[in-house]
Amino acid sequence: MTKYYVSSGNMNMVIEGENEADAVLLSLNFYIEKYGKDFILQPNFYVSQKGFRSDDTIAMSSSDVLSGLDFDIGDYDT
């Protein structure tokens, strides 16, 4: 597995994943389990192998990432 730096909103995670999309999903899952629903996402997830917002950073649409899951942000409403 490869180490990735994943960020979006107030989430900044360093995590190992099979690829960029896997790292985003693992980061989101870990963040929700640890902090619950108290998070803010930007329109994109930013993923890099070098560091947060480094020259190899790619942006992945939050809506595209979440649409690939059986995930409804409304499930986490109070």
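To be clear, the structure that these remarks concern was listed above.
As a starting point, this report considers the structure included with it. Numbering of residues begins from 1 in every chain and follows the order in which that chain's sequence is written. It should be noted that, the model being predicted, local features are given only for residues of pLDDT at least 70 and side-chain atom pairs only at 80 or more, the latter also being counted only at that level, while totals for whole chains, interfaces and linings use all residues. Based on all heavy atoms of the structure, the side-chain values leave hydrogens and waters out of the count.

1. Describing unusual backbone geometry
- Of note in the backbone geometry, R53 takes a positive phi value of approximately 55° without being a glycine.
- Secondary structure elements are taken from DSSP: a helix is a run of H or I of four residues or more, a strand is a run of E of two residues or more, and numbering for both begins at the N terminus. Note that R53 resides in the loop between β3 (44-48) and β4 (58-61).

2. Regarding the sheet that holds strand β2 (residues 11-17)
- A pair of strands is considered paired only if DSSP assigns at least 2 bridges between the two. The strand order β2-β1-β3-β4 describes an open sheet built from four strands, whose pairing is antiparallel. One side of each edge strand has no neighbouring strand; the edge strands of this open sheet are β2 and β4. Between one strand and the next, the sheet's axes are offset by a mean angle of 30°, whatever the strand orientation.
- Here three bridges tie strand β1 (residues 2-8) to β3, and the two strands are oriented antiparallel to one another. When the sheet's bridge partners are listed, V6 is paired in β3 with V47. Helix axes are fitted only over the stretch in contact, all axes being lines through C-alpha atoms; the angle between N-to-C directions runs from 0 to 180 degrees.

3. Side note on the pairing of β1
- Each residue is placed in one exposure class: buried if its accessible area under a 1.4 Å probe, protein chains only, is under 20% of its type's maximum, exposed if it is over 50%, and partly exposed if it falls in between. Taking burial as the measure, the seven residues of β1 include five buried ones, the bulk of the element.
- By the bridge criterion, seven bridges tie β1 to β2 in an arrangement that is antiparallel. Within the sheet, the bridge partner assigned to K3 lies in β2 and is E16.

4. A short note on the nonpolar core
- Membership of the largest hydrophobic core comes to 16 residues, with the highest contact counts inside it found for V6, M11, V24, L28, F45 and V47.
- Looking at this core, the elements that each hand over two or more residues are β1, β2, α1 (20-35), β3 and α2 (62-67).
- Contact between two residues is taken to exist if any of their heavy atoms lie within 4.5 Å; hydrogens are not considered. Ignoring anything within four residues of it in the chain, the contact list for V24 reads V6, F45, V47, M60 and V65. Residue types Ala, Val, Leu, Ile, Met, Phe, Trp, Tyr and Cys, when buried and joined through side-chain atoms within 4.5 Å, form a set referred to as a nonpolar core.

5. A short note on the side chain of S27
- For S27, the position within the fold is in helix α1.
- What makes S27 buried here is its relative accessible area of 0%.

6. Here we look at the packing of aromatic side chains
- Only the six-membered ring of Trp is used, alongside the rings of Phe and Tyr, when aromatic pairs are assigned; centres must lie within 6.5 Å, and planes under 30 degrees apart are stacked while those over 60 apart are edge-to-face, with the rest tilted. Taken as a whole and judged by the stated rule, the model has two aromatic pairs.
- Consider the rings of Y5 and F52, whose centres lie 5.3 Å apart with planes at 80°: the pair is edge-to-face. Of this pair, Y5 sits in strand β1 while F52 sits in the loop between β3 and β4, placing them 47 residues apart in sequence.
- Between Y31 and Y35 the ring centres are 4.6 Å apart and the planes differ by 45°, which places this aromatic pair in the tilted class. Within this pair, Y31 and its partner Y35 are both found in helix α1, separated by four residues, close to a single helical turn.
- Given a relative accessible area of 44%, Y35 falls into the partly exposed group.

Remember that the coordinates give geometry; whether it matters functionally is a separate question.
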